[in-house]
Amino acid sequence: MKETKLSIIPQPVSWQQTEGFFQSRGLPVIRGDEPFRNEIEAVNGQLRGDLERMGLAHIQDREGKAVNCTYEANPCPQKINEDQKNEGYRITISKEGVTIGAASGRGMYHGLQSYRQLVLSEYKGFKEEAAHNEANFFLPCGEITDYPRFPWRGFMLDCSRYFYSISFVKHIVDVLSLHHINRFHWHLSDDQGWRLPVPEYPLLTEISSYRQDRRLPEDMPRAGGFYSEETIHDFVEYAAARHVEVIPEIDLPGHASAILAAYPGLGCTGGPYRVEDRFGIFEDVLCAGNNEIFDLIAKIFDSLTRLFPSSYVHIGGDEVLFNRWGACPKCKKRTTELGLKKTRELQSWITARLTTMLAERGKVAIGWDEVLEDSPQFRLPKETVVMSWRGSKGGMAASKRGHPVIMVPNTNGCYLDYRHLDVPEEPGQSWGLSTVYQGYSMDPITPKMNNEEASLILGGQCNLWSELIYAGKIAEYMIFPRVCAIAEAVWTLRENKNFDDFSRRLLIHQQRLDKLGLLQYRGALR
Ligand SMILES: [Zn+2]
């Protein structure tokens, strides 16, 4: 029997080839049990769109060959946890047809996406004039079993520094789900733009959402925008149909220039402030001595609670400069009242207060690893999830302290705003480098962690910050194929990872991504 490789990314747990081939003239019809109606509808829509992009007609196989989606309580024979069982699937390919078994809609969706990858690379399109027995779609017979290593497989898009159209964001989420990425972290606020409607604070969308580019003549229109409630609602449903959970981020109390431009009374100096068109870390942050900041945050959290069903809200907490607090009479008064030693410790008080406000709304807070710099009076609440971005150190420290952790080390290929290669021709931040290989070799569980610490690692993700992104096409070039490597780093079992094999599969996989119309980096991988 000649060995035939499937080249699925991320690499499944196992592939056992058997004798013979499944073949059909058109695409097999996808049908199945009632619990999977939504997943079947989703993948049918995806395949229709994919084939349209490829210039191929969506013709069903005339001999009635089918993909059968069936409920299986235990699709994978291995000893796995409940979460893995629910995300796991089994694909059996025989001469007669294809069967996908899963215990839940999530597992079925992942199975259908692996099948969709096979369609993208193997389906040659139906030809009316072809001889009756000429098949256009061949798959080797055999069985795939698959389940994820980590439950959190994420991607973050910064929609503040560059305001992406919702149709672009949807296309990216769709392609992420092709790789079993299941969390979309939506960075909705920063110094350079605010993207969330908050009805009680209308200036956030009237003023904070737009910025004037000072490189251009003053009479040029402002750039930016925001996502309406209707758009967000529709997008969250679109992502949910792809088993992707949307986690919103509102960055507090730093990165607040856009908020302050609309509500200058919430800053320590009273302004004036502007929605920034420069990039960097700015000293103006929300005034910790002003109670009104919590009125604003309460309404922001109400909006998030109404619009996002996720149990998580990301509260930022990164890169806060403390010099304004140190010079502000209100902040100094607050520091004394709370019995804090330094004004910088006000951040731990704010973080504790925000996590409580979120808990009242049934939400769990996620913060960047700076939230670990707490104070004896205000320890970071145990349930707060720490996102480790300054390398893996923050995540290791957080897991020692009992916090759930998501790894996004900027030192290990997870920062997609960095260049692919250290050459001036490559777009991206010149101070950092994120090669495909670095992302591939990222392991959210570091060798120094003990079992208890390792059990707190939810998974990992990669982030695309948009300071240097001036068009969606540039974003695609920064995302692909690095996100494919990250997807494998967080899905595939450690013992099944092999970079040489990944590189081989990637050649085929990048042709699939071409067919989806994506611009990709194609240089050296390491
Ligand atoms: Zn202040």
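Right above here is the structure, for reference.
Remember, it's a predicted structure, so these values are computed and weren't measured experimentally.

Enquirer: Looking at this structure, how should I read the sheet that holds strand E3 (residues 66–71)?
Expert: Whether parallel or antiparallel, the strands of a sheet pair through hydrogen bonds between backbone atoms. Read across the sheet, six strands follow the order E1-E6-E4-E5-E3-E2 without closing on themselves; strand pairing throughout is mixed. In this open sheet, the two strands that pair with only one neighbour each are strand E1 (14–24) and strand E2 (29–32). Geometrically, the sheet is characterised by an average inter-axis angle of 25 degrees between neighbouring strands, direction not taken into account. The pairing of E2 with E3 spans four bridges and is parallel. Bridge pairing links Gly-32 to Cys-69 in E3. Most of the contacts of helix H3 (residues 105–122) go to strand E6 (residues 137–146), to which it runs at about 150 degrees, and overall it touches E2, E3, strand E4 (89–93), strand E5 (98–102) and E6.

Enquirer: Help me out: how do you make sense of the pattern of salt bridges in this one?
Expert: Side chains carrying opposite charge are able to pair once their charged atoms draw close together. In total, this model carries 37 salt bridges according to the counting rule given. Note that Arg-361 and Asp-302 form a salt bridge whose closest N and O atoms lie 2.8 Å from each other. You can see Arg-361 sitting in the loop between helix H11 (346–360) and strand E15 (364–368) and its partner Asp-302 sitting in helix H8 (residues 292–307), a full 59 residues away along the chain. Classification of Asp-302 by relative accessible area gives partly exposed; the value is 27%. Taking the shortest distance from any N to any O, the salt bridge between Asp-374 and Arg-401 comes out at 2.5 Å. Residue Asp-374 is located in the loop between E15 and strand E16 (385–388), and its partner Arg-401 is located in the loop between helix H12 (393–400) and strand E17 (405–407); the two are separated by 27 residues in the primary sequence. We classify Arg-401 as partly exposed; its relative accessible area is 27%. The network of salt bridges with shared partners includes Asp-50, Arg-116, Asp-174 and Arg-242.

Enquirer: Mind showing me how you'd approach helix H6 (residues 229–241) here?
Expert: Because each turn of an α-helix spans 3.6 residues, side chains separated by three or four positions in sequence point in the same direction. For H6, built from 13 residues, the straight-helix expectation of 18 Å at 1.5 Å per residue is met to within 8% by its first-to-last C-alpha distance of 18 Å. When we look at burial in H6, the residues that qualify are Ile-232, Phe-235, Val-236, Tyr-238 and Ala-239. The buried residues of H6 occupy an angular sector of 160 degrees when projected down its axis, which confines them to one face. Residues of H6 that are buried make contact with helix H4 (166–178), strand E8 (183–187), strand E13 (245–252) and H8. Once H6 ends, the next one or two residues include His-243, with phi positive near 55 degrees.

Enquirer: Whenever I open this one, the coordination of the zinc ion confuses me. Can you help?
Expert: The textbook angles at a metal center are 109.5 degrees for a tetrahedron of four donors and 90 or 180 degrees for an octahedron of six. Bound to the zinc ion are the protein donor atoms Cys-268 (SG), Cys-287 (SG), Cys-328 (SG) and Cys-331 (SG), situated 2.3 to 2.4 Å from the metal. Each of the four donor atoms around the zinc ion contributes to a set of angles spanning 107 to 112 degrees, which defines the coordination as tetrahedral. Each donor residue of the zinc ion lies on one chain, and together they are spaced C-x18-C-x40-C-x2-C. A residue pair is termed long-range when its members are at least 10 positions apart, and Cys-268 in the loop between helix H7 (257–262) and H8 and Cys-331 in helix H10 (residues 329–337) qualify at 63 residues. Each member of the pair, Cys-268 together with Cys-331, is buried.

About the criteria used
Residues numbered from 1 in each chain as written. Predicted model: local features only at pLDDT ≥ 70, side-chain atom pairs only at ≥ 80, totals over all residues. Heavy atoms only, no water. Pairing = 2+ DSSP bridges. Helix = DSSP H or I, 4+ residues; strand = E, 2+ residues; numbered from the N terminus. Axes fitted to C-alpha atoms, helices over the stretch in contact; angles between N-to-C directions. Contact = heavy atoms within 4.5 Å. Salt bridge = Lys/Arg side-chain N within 4 Å of Asp/Glu carboxyl O. Buried < 20%, exposed > 50% of the residue type's maximum accessible area, 1.4 Å probe, protein only. Expected span 1.5 Å × (residues − 1). Arc of directions from axis to C-beta. Donors = N, O, S within 2.8 Å, 3.2 Å for Na, K, Ca; no water. Tetrahedral: all angles 85-135°; square planar, octahedral: opposite > 155°, others 65-115°.

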